[in-house]
Amino acid sequence: MDTRSIAVVIAVKELSAAKTRLSPGVDGNARRQLVLAMLTDTLAAVRAAGLDQVVVVSPDTSVAEAAQASGARTVVDRGDVLNGDVLNAAFAIGIDHALSLWPGSRIMVLQADLPAVRPESLTAAIDRSSDLERAFIADHSGTGTTALFLNAADLSAADTLRFGAHSAREHRRRGAVELTEDSGRWPDLRIDVDTVEDLLTARRLGLGTSTSAVLERLQLDEQT
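Scoring rules and cut-offs
Residues numbered from 1 in each chain as written. Predicted model: local features only at pLDDT ≥ 70, side-chain atom pairs only at ≥ 80, totals over all residues. Heavy atoms only, no water. Helix = DSSP H or I, 4+ residues; strand = E, 2+ residues; numbered from the N terminus. Rg over C-alpha atoms; globule rule 2.2 N^0.38 Å. Buried < 20%, exposed > 50% of the residue type's maximum accessible area, 1.4 Å probe, protein only. Contact = heavy atoms within 4.5 Å. Areas by Shrake-Rupley, 256 points an atom, 1.4 Å probe, with all protein chains shown as cover. Polar contact = N/O pair within 3.5 Å; in protein donor to acceptor, adjacent residues only side chain to side chain. 1 Å grid on protein atoms, 1.4 Å probe; cavity = no way out; pocket = protein on both sides within 12 Å on 5 of 7 lines; lining within 4 Å. Points joined across faces, edges and corners; volume = space filled by probe spheres on them. Nonpolar A, V, L, I, M, F, W, Y, C, P; charged D, E, K, R; others polar.

## Comments concerning the overall build of the chain
Within the chain, the regular secondary structure consists of nine helices and seven strands. Taken against the 2.2 N^0.38 rule, which gives 17 Å for 224 residues, the C-alpha radius of gyration of the chain at 16 Å falls within 12% of a compact globule. A principal-axis box enclosing the C-alpha atoms of the chain has dimensions of 45 × 35 × 35 Å. Every one of the 224 residues in the chain was classed for burial, and the buried ones make up 52%. A separation threshold of at least 6 residues defines the contact pool for the chain, and within that pool the share at least 24 residues apart is 66%. Of the roughly 9,700 Å² of accessible surface on the chain, a fraction of 46% belongs to carbon and sulfur atoms.

## Looking at the environment of Ser129
For Ser129, the location among the structural elements is in helix α4 (residues 119-129). What makes Ser129 buried here is its relative accessible area of 0%. Taking the C-alpha atoms as reference points, Ser129 and Glu178, 49 residues apart in sequence, are found 9.4 Å from one another. The contact partners of Ser129, leaving out residues within four places of it in the chain, are Arg106, Ala135, Phe149 and Leu179. A distance of 2.9 Å separates a polar side-chain atom of Ser129 from the backbone oxygen of Ile126.

## Quick look at the layout of surface pockets
Rolled over the atoms, a probe with the dimensions of a water molecule shows which regions are left empty. Of the volumes computed, that of the largest pocket is approximately 810 Å³. With three residues, helix α1 (residues 28-48) is the largest single contributor of residues to the lining of the largest pocket. Grouping the constituent residues of the lining of the largest pocket by class yields eleven nonpolar, eleven polar and nine charged.

## Some words on unusual backbone geometry
The phi angle at His166 is positive, at roughly 60 degrees, despite the residue not being glycine. Examined against the element boundaries, His166 turns out to sit in the loop between α5 (157-160) and α6 (167-173). Its relative accessible area of 44% is what places His166 among the partly exposed residues. Within the chain, Trp186 stands out as a residue other than glycine whose phi angle is a positive 50 degrees. Along the chain, Trp186 turns up in the loop between β7 (177-178) and α7 (187-190). Accessibility expressed as a relative area gives 12% for Trp186, which makes it buried.

Following this line, the structure appears as structure tokens:
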């Protein structure tokens, strides 16, 4: 597999508005630390998988600094809306920027909150998607999407990007092939974090070093 042909696009909200579903167990400052830590661990896995064409879209300067420290290119999120969601618009901005930098690349749209993801899962998913025009990985609930694969020749962001509620169903309806019909495949790549329960599940799978350090300071336990 030629990983140089893959461009990774990640989007992150303004930190003050990110991961509010972690409340009340995690306060605002801790949530900001967690978002940055999860992004850092996600990017570390991406780089360890040999993927060095990475774009991070965000309105937040702290996110941009963390992304740049990991070697990613950054783009300012303008706050547009696409398909009813600012996240879809941010991904579309990132895709356009990635293709301007690396024309002809295949695109992997990746969530930023995958603190347990392993490089080998990323490379396996990329390999499995290589012959498909559109493919996706459902999250652990089966309703969301943690990664979406698109070929440059097939790109039409307005028609394809459907992140948000029931995104797995919506991506499937638009012709994307689900790579995780086997629910046991790549559990680390399917755990995106929205709740404390998700965070504890990710910890059982094995967190990246940055998220692990923040979680240790928070001293969350199974009863939180």
